[in-house]
Amino acid sequence: MAATAPTAAGHRARPGSVPFLWRLAVGGSAIGLVLAAARGVQLDGVAHGGSWRIFGRLHPVLVHFPIVLLLAVPVLELAGRWRPALREAAGFLLGCALPCAVVAVWAGLILARTDGHDGALLTTHLQGGAAVAIGTALTWWVRPWSRFVYALLLILTVGTLMWAAHNGGSLTHGADYLTEPLPPMLKQALHIKEAPAPETYGADTVFGAAVRPVLEKNCFSCHGPEKQKGDYRMDTFAALLAGGKSGVPAIVPGDILHSELLRRLSLDVTDEKVMPPKRKPRPTPAEVALLHWWIKQGASRTLQVSAVTNAPPEVLALLAGPVVAPAPEGEAPYQPRVGDYSALRDEIARLEKTLGIRLVQVSQHSGDGLLLRTRGAEARFGDAELAQLTRVAPFIVEAELDGTRITDAGLAALKPFSNLTRLHLEHTALTGTTLGVLKELPKLTYLNLCATRVTDDQLSALTSSAGLQQLYLFGSQVTSGGVSGLKARLPNTQIGPIELTKDPAP
Amino acid sequence: MNLPPANPHDCSDHHGEGPTVYDLPGIPLALREQWRQLETRRYFLGRMGKTLGWAGLASLLGPRLLAAGDGATSGPPSPESLRLPHFAPKAKRCINLFMSGAPSQMDMWDYKPGLAGLFDTDLPDTVRGSQALTGMTAGQTRFPIAPSYWKFARHGRAGTWVSELLPYTSRLVDDLTVIKSLHTDAINHEPAILLMNTGNMVPGKASMGAWLSYGLGSMNENLPAFVVLNSKFTPGANNQPLSPRLWGSGYLPSTYAGVTFRSQGDPVLYLSDPHGLTRETRRKLIDGVNAVNALTYQEVGDPETHARIEQYEMAYRMQVSVPALADMSDEPASTWELYGPDAREPGTFTYNCLMARRLAERGVRYTQIYKRGWDVHGDVVGILPRLCADTDRACYALVTDLKQRGLLDDTLVMWGGEFGRTVYSQGGLTHDNYGRDHHPRCFTGWMAGGGAKSGIVYGETDDYSYNIIRDPVHVRDYNATILHLLGLNHEALTFKFQGLDQKLTGVVPAKVISGLIA
């Protein structure tokens, strides 16, 4: 490529020399791409997610390329009156702006779909963006052909750009972001409406005390001051009744059959139209009953709580107390059982390799601790090996030492296992003389001593293990006398049978 | 431009990581050429797509993430790489006692005293509704009610009703979670048994055992994570066929498929070395085979090659582990007293239950015992007692044995068939005998240990044991609950195949039944 032909250089020097058909093809496909995006990407207010999300999230960055490029074009065209070389640059920048605009439109649409944005302002912004991209294509196309049409289109495109960009800003920063700091007098002169003050409702009305809090908890995140999915807004009373873009009234006072809100609320959870949508928390049955009852009563805004006499019991219960969101079932805040052992990864890998053991995570939460698994390496796992685990010991919650060569002397190495809850020592040669060390394990709840040589005398060492819930002694040398003695001292410990009843036949 | 001399065997995508199959000595040129052309169109296209994708992503992700993505080339994903289980499990392993053919719920568990007075009366149409029956009874002109032939009594602290057919199991009820409200979608054996085991009536999906070994991995590398035991037949019983697709791995790599242990003779065939072959020689042989397979894997990238390597290794390790497993001479006398004389006879359900306990002790993740013959369409009074006699004591012994050894705590035992049986008689009805057809609308199963709520009866059926009136448990919900007890979120345990995130519970929403969990 070192020898560039002089003709090529000459060719480049002539502005607007790209063949007409070529320009038509490029401009046409740019327009086609924009229209395809607008028609092909369905916006339904549902966050679809997916791996395209990253591209969508780049929209706020990408959108600035066509903005700057397009704004530079009229400046260069004007300056070109005095310095004609700049006019050539204007054409070049316009050409650059075209693909950038198309990409920005696509990114915007994908952002809206993957993150589930919807609403009137978004639609306007979207139309504006598409218009800019199409305008850019037309402008670029007519530039070598007609100066007048070009100038007209450029002005139109840049104007549209300003409007679309402003809408975009309103989307991200809020509609009154720009005008909010203006002095009130100027606002009045410009007919800028103040944001409506949030409506307030007396806490003594059914609506203010119960209905609105229920709606606030379940609905406002999508149909409130911030977002109005499906053009439906529920935080003002009139809009709440009116409904959204489907045109069907959300609430018909006194008519539960024709109130769209109730219909959508009672659809099956798998239905596409159900509200709140799939994967969003459901209102409680009492809350649904309240809405039913309130609408049936006439959806009154002023009905006093004190005036309510005959309502279903769950509704009365809701009216009696403030709406408290019940803690979601089974989702207690996660409590790690052990500390952070991420610094020990190398040590764990080394131990697994040299000892043939496994130190597996109990679950994907590393805070659930580790499980010591000796299966397959039992024959070479003894006291010396156990002693090597000192550093990882505090992170082990369950130790499967059954069948290993561990002896009474080696049990002392269990001292640092401060978080151990389950200990398997069955099928070992233990006689139990050192079981006293288990007192040092405050969290131990499960102890298995089946098929060991532990005797009654040694069991007394366990008498202070109050946290022990399960103890298994089957096949050990413990007698029923020893068990009953232990049971008296450890009333909360469930002790497994030590022998079978001789004849299990019923 | 100095090109190297043209090499007809140069593989364009081979970047010199080391020797390839083409470099092995002594392979004829023509064969090498044929080998080279083995790269199929599908493989080529698939890999091209991936290459382009990775090239595009490379700049975005950086080297660390790319290295993680490389896992695809080193065999199937391990549970560690899946980072499972999702949460701390209640059960580590499962023993599934599968009563293939569908036991009769109202003769064993679902006591309906009111039926005694309705002998030979017609089942009200309102109870049956618009249900489509099987071809075996759809043509019957009458659907006469057949009350159970057997007496029931209350057992345990909860006073659970159990039939006299189950004298041993009835003593266990305080340890059992009896579910009377299981229901399924299928009315015939094959789809129903597939639904129970693979979550789908259509063959080709991964079985629960395969999902567990995929999701949780092995606890003992010397034994398969998923073992299947088939039991001897009960004389006179109607044995429905079983097929390996019930314990297959479906779309999951074959490594996770269940391994059947034979019920008689060597549990696994051809494990013992021929005379004169030492273990060292065997090791060298396997190393050689593995080396060739590893090279093929590098070239072709078919994960099934990896599964084959794993199977050779597993077989080699089982040469030591399986004889020790099958040698039951180390069992104390109390074991034989508990399980009874049937346990001495290899292949019986009782023997398999004892084997299941030994497998559980050794860390096998999922053991499934099939007992066939429950498909009693006629002569219920003659055949059902024999089936119960062959299984009742074994179930009792297994749960008791696990309990005394401290294993029941983290072992989930499940008992049940693929559907229930009808309250109306199939064929002739007398006071002394009757038959029962397939019934998908309700059936009874039980769970024990492993975090299941013990000593309860869950769900309720109507007076005819025909429809569920309280707390239904669909097969999907049952499977979701079992996964939950093993620390797995059934929604998150997925495998991408045919454009779907496949899961055991399928696409119809399933839920974990919290009432079954302790």
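Keep in mind it's a predicted model, so treat the numbers as computed, not measured.

**Topic: the overall build of chain B**
Then, in step 1: Secondary structure assignment for chain B yields 13 helices and 17 strands.
Then, in step 2: Considering chain B as a whole, with its 518 residues, one finds that 53% of them fall into the buried category.
Then, in step 3: Long-range contacts, defined as pairs at least 24 residues apart, comprise 78% of the intrachain contacts of chain B with a sequence gap of at least 6.
Then, in step 4: Accessible surface for chain B amounts to roughly 22,400 Å². Of this, 57% is attributable to carbon and sulfur atoms.

**A closer look at the overall build of chain A**
Then, in step 1: When helices and strands are tallied, chain A shows 19 helices and seven strands.
Then, in step 2: For chain A, contacts bridging at least 24 residues in sequence account for 61% of all contacts bridging at least 6.
Then, in step 3: When the accessible surface of chain A is split by element, carbon and sulfur atoms take 62% of a total near 27,500 Å².

**Some words on the interface of chain B and chain A**
Then, in step 1: With 34 residues of chain B at the interface, the matching set in chain A holds 30 residues.
Then, in step 2: Surface buried jointly by chain B and chain A totals about 2,600 Å² across both partners, of which 50% is contributed by carbon and sulfur atoms.
Then, in step 3: If you sort the residues of chain B by the area they bury against chain A, Lys92, Gln404 and Asp409 of chain B come out on top, with a joint share of 21%.
Then, in step 4: At the junction of chain B with chain A, the criterion picks out four salt bridges.
Then, in step 5: Glu398 of chain A serves as the salt-bridge partner of Lys92 of chain B, at 2.5 Å between the closest nitrogen and oxygen.
Then, in step 6: The interface formed by chain B and chain A holds nine residue pairs in polar contact (both at pLDDT 80 or more) in total.
Then, in step 7: Among the elements of the structure, helix H10 (333-339) and helix H12 (380-404) of chain B are those that each provide at least two residues to the side of chain B that touches chain A.
Then, in step 8: Of the residues contributing to the side of chain B that touches chain A, the split by class is 12 nonpolar, nine polar and 13 charged.

**Quick word on the pairing of strand E2 (residues 370-373) of chain A**
Residue and element names in this part refer to chain A.
Then, in step 1: Burial along E2 is two-sided: the face carrying Leu370 and Leu372 and the face carrying Leu371 and Arg373 are both buried.
Then, in step 2: Across four bridges, strand E1 (residues 358-361) lies against E2 in antiparallel orientation. Directly across from Gln361, in E2, lies its bridge partner Leu370.
Then, in step 3: Strand direction decides the pairing type here: E2 and strand E3 (residues 396-400), joined by four bridges, are parallel. If you follow Leu372 over to E3, its bridge partner there is Ala399.

**A few points about the pattern of salt bridges**
Then, in step 1: As enumerated under the stated definition, the model contains 48 salt bridges over all chains in all.
Then, in step 2: Where Arg375 of chain A meets Glu378 of chain A, a salt bridge forms, and the shortest distance between an N and an O atom there is 3.7 Å.

**Quick word on helix H5 (residues 64-79) of chain A**
Then, in step 1: Taking 1.5 Å per residue, 16 residues should reach 22 Å; H5 of chain A reaches 23 Å between its end C-alpha atoms and fits that length.
Then, in step 2: Along H5 of chain A, the residues that are buried comprise Pro66, Ile67, Leu69, Leu70, Val73, Leu76 and Glu77 of chain A.

**Remarks on the packing of aromatic side chains**
Centre-to-centre distance and the angle between the planes together describe a pair of aromatic rings.
Then, in step 1: Scanning the model with the defined rule gives 23 aromatic pairs over all chains in all.
Then, in step 2: Between Phe207 of chain A and Phe237 of chain A, the ring centres sit 5.0 Å apart and the planes meet at 80°, which makes this aromatic pair edge-to-face. Of this pair, Phe207 of chain A sits in helix H10 (residues 206-218) while Phe237 of chain A is found in helix H12 (residues 237-242), placing the two residues 30 residues apart along the sequence.
Then, in step 3: Judged by its relative accessible area of 2%, Phe207 of chain A is buried.
Then, in step 4: Classification of Phe237 of chain A as buried rests on a relative accessible area of 10%.
Then, in step 5: Arranged with centres 5.3 Å apart and planes meeting at 80°, the rings of Tyr149 of chain B and Trp150 of chain B form a pair that is edge-to-face.

**Some points on the packing of helix H8 (residues 279-300) of chain B against helix H9 (residues 303-326) of chain B**
Residues and elements named next belong to chain B.
Then, in step 1: Running from N to C, H8 and H9 point in directions that differ by 170°, and their axes come no closer than 9 Å. Of the possible angle classes, the one that applies to H8 and H9 is roughly antiparallel. In this structure, H8 contributes Arg279, Arg282, Arg283, Ile286, Val289, Asn290, Asn293, Ala294, Thr296 and Tyr297 to the contact, and H9 contributes Pro303, Thr305, His306, Arg308, Ile309, Tyr312, Glu313, Tyr316, Gln319 and Val320.

**Comments concerning empty space enclosed by the protein**
All names here are of chain B.
Then, in step 1: Under the criterion given, the structure shown has seven cavities of 30 Å³ or more.
Then, in step 2: Along the wall of the largest cavity there are 13 residues; nearest its centre are Asn96, Phe98, Met196, Met414 and Tyr478.
Then, in step 3: Across the lining of the largest cavity, the residue classes tally to eight nonpolar, five polar and no charged.

**Regarding unusual backbone geometry**
Then, in step 1: Note that the residue after Met275 of chain A, namely Pro276 of chain A, is joined by a cis bond; omega there is -15°.
Then, in step 2: Positionally, Pro276 of chain A belongs in the loop between helix H13 (260-266) and helix H14 (285-296).
Then, in step 3: Notably, His427 of chain A is not glycine yet its phi reads approximately 60°, a positive angle.
Then, in step 4: Tracing the sequence through the fold places His427 of chain A in the loop between strand E4 (422-424) and strand E5 (446-448).
Then, in step 5: Non-glycine residue Asp379 of chain B carries a positive phi angle of around 55°.
Then, in step 6: Looking at the secondary structure, you find Asp379 of chain B in the loop between strand E7 (366-371) and H12.

**Let's talk about the environment of Val127 of chain B**
Residues and elements named next belong to chain B.
Then, in step 1: Tracing the backbone through its elements, the reader meets Val127 in helix H5 (residues 125-128).
Then, in step 2: For Val127, a relative accessible area of 10% translates into the label buried.
Then, in step 3: In this structure the C-alpha to C-alpha distance between Val127 and Asp463, which are 336 residues apart in sequence, comes to 9.7 Å.
Then, in step 4: Beyond its immediate sequence surroundings of up to four residues, Val127 is in contact with Arg441, Asp462, Tyr464, Tyr466 and Asn467.

**Description of the nonpolar core**
Then, in step 1: Counting residues in hydrophobic clusters, the biggest one holds 64 residues, and the most contacted among them are Leu97, Met108, Trp109, Leu359, Leu384, Val413 and Trp446 of chain B.
Then, in step 2: Each residue touching Leu384 of chain B, except ones within four places of it in the same chain, is listed here: Ser104, Asp107, Met108, Trp150, Leu165 and Trp374 of chain B.
Then, in step 3: In this structure, Leu401, Leu444, Leu462 and Ile498 of chain A belong to the second largest nonpolar core, which totals 52 residues.

**Re a nonpolar patch on the surface**
Then, in step 1: The grouping of Ile54, Leu58, Val61 and Phe65 of chain A at the surface amounts to a nonpolar patch, some 380 Å² of accessible area in total.
Then, in step 2: Its location among the elements puts Leu58 of chain A in the loop between helix H3 (53-57) and helix H4 (59-62).

**Quick notes on the pairing of strand E9 (residues 420-425) of chain B**
All names here are of chain B.
Then, in step 1: Most of E9 sits inside the fold, with six of its six residues counted as buried.
Then, in step 2: The pairing of E9 with strand E10 (residues 436-439) spans three bridges and is classified as antiparallel. Within E10, the position partnered with Ser425 by the bridge is Arg436.

**Focus on the sheet that holds E3 of chain A**
Residues and elements named next belong to chain A.
Then, in step 1: Taken in spatial order, the seven strands line up as E1-E2-E3-E4-E5-E6-E7 in an open sheet, and their pairing is mixed. The sheet is open, and its two edges are formed by E1 and strand E7 (494-495), each paired on a single side.
Then, in step 2: As defined by bridge partners, strand E6 (residues 470-472) adjoins E7 across two bridges and the pair is classed as parallel. Its bridge partner being in E7, Leu471 is matched across the sheet by Ile495.

**Details of the confidence of the model for chain B**
All names here are of chain B.
Then, in step 1: The predicted model of chain B averages 86 in pLDDT, with 84% of residues at 70 or higher.
Then, in step 2: Segment residues 1-18 is flagged for pLDDT under 50; beyond a separation of four residues in sequence, or across chains, it makes 12 contacts in the model.
Then, in step 3: Note that residues 61-74 has pLDDT below 50 and, in this model, seven contacts with residues that lie over four places away or in other chains.

**Things to note about the environment of Pro144 of chain A**
Residues and elements named next belong to chain A.
Then, in step 1: Mapped onto the secondary structure, Pro144 falls in the loop between helix H7 (120-142) and helix H8 (147-173).
Then, in step 2: Assessed through its relative accessible area of 43%, Pro144 is described here as partly exposed.
Then, in step 3: Sequence separation between Pro144 and Phe20 is 124 residues; the distance between their C-alpha atoms is 9.1 Å.

**A word on the packing of H14 of chain A against helix H15 (residues 313-320) of chain A**
Residues and elements named next belong to chain A.
Then, in step 1: The geometry of H14 relative to H15 is characterised by a closest axis approach of 9 Å and an angle of 95° between their N-to-C directions. By the angle class used here, H14 and H15 are roughly perpendicular. Listed contacts from H15 to Ala286, Glu287, Ala289, Leu290 and Trp293 of H14 are Glu314, Val315, Leu318 and Leu319.
Then, in step 2: Class assignment for the residues of the contact of H14 with H15 results in seven nonpolar, no polar and two charged.

Cut-offs used in this document
- Residues numbered from 1 in each chain as written.
- Chains lettered and ligands numbered in written order.
- Predicted model: local features only at pLDDT ≥ 70, side-chain atom pairs only at ≥ 80, totals over all residues.
- Heavy atoms only, no water.
- Helix = DSSP H or I, 4+ residues; strand = E, 2+ residues; numbered from the N terminus.
- Buried < 20%, exposed > 50% of the residue type's maximum accessible area, 1.4 Å probe, protein only.
- Contact = heavy atoms within 4.5 Å.
- Areas by Shrake-Rupley, 256 points an atom, 1.4 Å probe, with all protein chains shown as cover.
- Buried area = accessible area lost by both parts, 1.4 Å probe.
- Salt bridge = Lys/Arg side-chain N within 4 Å of Asp/Glu carboxyl O.
- Polar contact = N/O pair within 3.5 Å; in protein donor to acceptor, adjacent residues only side chain to side chain.
- Nonpolar A, V, L, I, M, F, W, Y, C, P; charged D, E, K, R; others polar.
- Pairing = 2+ DSSP bridges.
- Expected span 1.5 Å × (residues − 1).
- Phe/Tyr/Trp six-rings, centres within 6.5 Å; stacked < 30°, edge-to-face > 60°.
- Axes fitted to C-alpha atoms, helices over the stretch in contact; angles between N-to-C directions.
- Parallel < 35°, antiparallel > 145°, perpendicular 65-115°, else oblique.
- 1 Å grid on protein atoms, 1.4 Å probe; cavity = no way out; pocket = protein on both sides within 12 Å on 5 of 7 lines; lining within 4 Å.
- Points joined across faces, edges and corners; volume = space filled by probe spheres on them.
- Core = buried A, V, L, I, M, F, W, Y, C linked by side-chain atoms within 4.5 Å.
- Patch = residues over 30% accessible without salt bridge, like charges linked within 9 Å, V, L, I, M, F, W, Y side chains within 5 Å.
- pLDDT = per-residue confidence, 0-100.

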